[in-house]
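Chain and residue survey
One letter stands for each residue in the lines below.
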Amino acid sequence: MKILRIVILITVIYGIFFSLVKSYAVAEDTKQPLIIEPIYPENQNPETKGYFDLTVSPGEKQSLSVRITNNEDKEVMITMKSANAYTYPTGGMMYEYEINSPDTVLLDDAVRMAEYIKIEETVTVPPLSSVDVPVEISVPESNGQTLLGGILFTTQGDETEQQQQVEEGKANFVLKTETVYAIAAQLNLPTTVTSNFFLGEAGFIPENAQVFIVMTNDAKKIQEEITGTYSVSDQEGNELFNGEFGPFKMAPKSKIRFPFQWGHDTLEDGTYTLTIQGKVEGKSINASETFTINNNDVEEYAEKAQPNKPQAVVNNGIPTWVWIVGAILFGIVMFLIGKRKK
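Details of the sheet that holds strand E14 (residues 223-233)
- The strand order across the open sheet built from four strands is E15-E14-E18-E19, with neighbouring strands paired in antiparallel fashion. On the outer flanks of this sheet lie strand E15 (239-250) and strand E19 (283-293), each paired with one strand and no other. Mean inter-strand twist for the sheet, computed between neighbouring axes without regard to direction, equals 20°.
- Where strand E18 (residues 270-280) meets E19, eleven bridges bridge the pair, whose relative direction is antiparallel.

Rendered as structure tokens:
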């Protein structure tokens, strides 16, 4: 009995030992090759981790640092640049120096923080070591509540040679990959401003069969707690599909075309109504906007549609009733011809 207990104890000890070894091996395998993290100053919001969330005043100079840790056994060169804060079309923040797209727009140059953030263009981090990169922010004169910008860190991956089959043979080309890391810099000013959120026109994006509603945050603050429901109906008032959206945030002074995927079995030209019932920070927002899908939109979508997607009904410029009448007449003619032969 005593020997059995000893055997069981040894088995348990070995089990724990190998579990620890396995966990350590997994941790080593999943260690990130590059870690980029902010070094928080004294005016950092203690509840925020992962990005700069600073209490500042207009006209101040803010000195910051970002620590870059290279866990690989070779040196890595990183390019760096400042960025403005846009709202991603489906909500949330995205950082880029300039975006030229109708899906996301900044309304005011005063919120373009990229020009107020200074950082070196490149840095080389030796193998298995860390480097602290200085960042300088000049807080602009503003009557807003929140200013938002970011810093982009880009690393170049290994080059890989690819082949592509062409009519005259094979063409070789080099594929270069890159990884972009972003650290936000949120500046909280002493002024408090009221929300100024509103909904705009509706429309249709034929490339991917999406209905959209224009959403605008016209305040110099991050707009939070945007949520609601939507439905799309045809011109006879029949509801075709519905759903929910949010909650999400929008960057200060930004505008987006918020998309809803077409959720009906078929897609055809006509006039439709998008109905929105939502809330922003607990306050109701409602809209009922009509939009038109024309035959060119349907044709454009039909060319790119994949299986299991809404079936595009293309009229080719001829009214649907003409096709129906033509089919009936053709059936009558074929019936008479068959009867005559008999």
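Here's the deal with the sheet that holds strand E3 (residues 61-70)
- On the basis of which strands lie adjacent, the open sheet formed by four strands has the order E1-E3-E9-E7 and antiparallel pairing. Here the strands that pair on one side only, and so sit at the sheet edges, are strand E1 (34-39) and strand E7 (117-119). Neighbouring strand axes in the sheet, compared pairwise and without regard to direction, differ in orientation by 25° on average.
- Note that E1 and E3 share six bridges and pair antiparallel. Of the residues in E3, the one forming a bridge with Ile 39 is Ser 65.

Digging into the packing of aromatic side chains
- A complete count under the given rule lists ten aromatic pairs for this structure.
- For the ring pair Phe 245 and Phe 248, a centre distance of 6.5 Å and an interplane angle of 45° mean the geometry is tilted.
- Judged by its relative accessible area of 4%, Phe 245 falls in the buried class.
- Residue Phe 248 is classed as buried on the basis of its relative accessible area of 9%.
- A ring pair is formed by Tyr 272 and Phe 291, whose centres lie 5.8 Å apart and whose planes are at 25°; its orientation type is stacked. Separated by 19 residues along the polypeptide, Tyr 272 in strand E18 and Phe 291 in strand E19 bring together distant segments of the chain.
- The cationic tip of Arg 257 hangs over the ring face of Phe 212; the distance from NZ or CZ to the ring centre is 4.7 Å.

Examining the pairing of strand E8 (residues 122-125)
- Of the two faces of E8, only the one carrying Val 123 and Val 125 is buried; Thr 122 and Thr 124 on the other face are not.
- Here strand E4 (residues 76-87) pairs with E8 via four bridges, running antiparallel. Paired with Met 77 across the bridge in E8 is Thr 124.

Rules used throughout
Residues numbered from 1 in each chain as written. Predicted model: local features only at pLDDT ≥ 70, side-chain atom pairs only at ≥ 80, totals over all residues. Heavy atoms only, no water. Pairing = 2+ DSSP bridges. Helix = DSSP H or I, 4+ residues; strand = E, 2+ residues; numbered from the N terminus. Axes fitted to C-alpha atoms, helices over the stretch in contact; angles between N-to-C directions. Phe/Tyr/Trp six-rings, centres within 6.5 Å; stacked < 30°, edge-to-face > 60°. Buried < 20%, exposed > 50% of the residue type's maximum accessible area, 1.4 Å probe, protein only. Lys NZ or Arg CZ within 6 Å of the ring centre and 35° of its normal.

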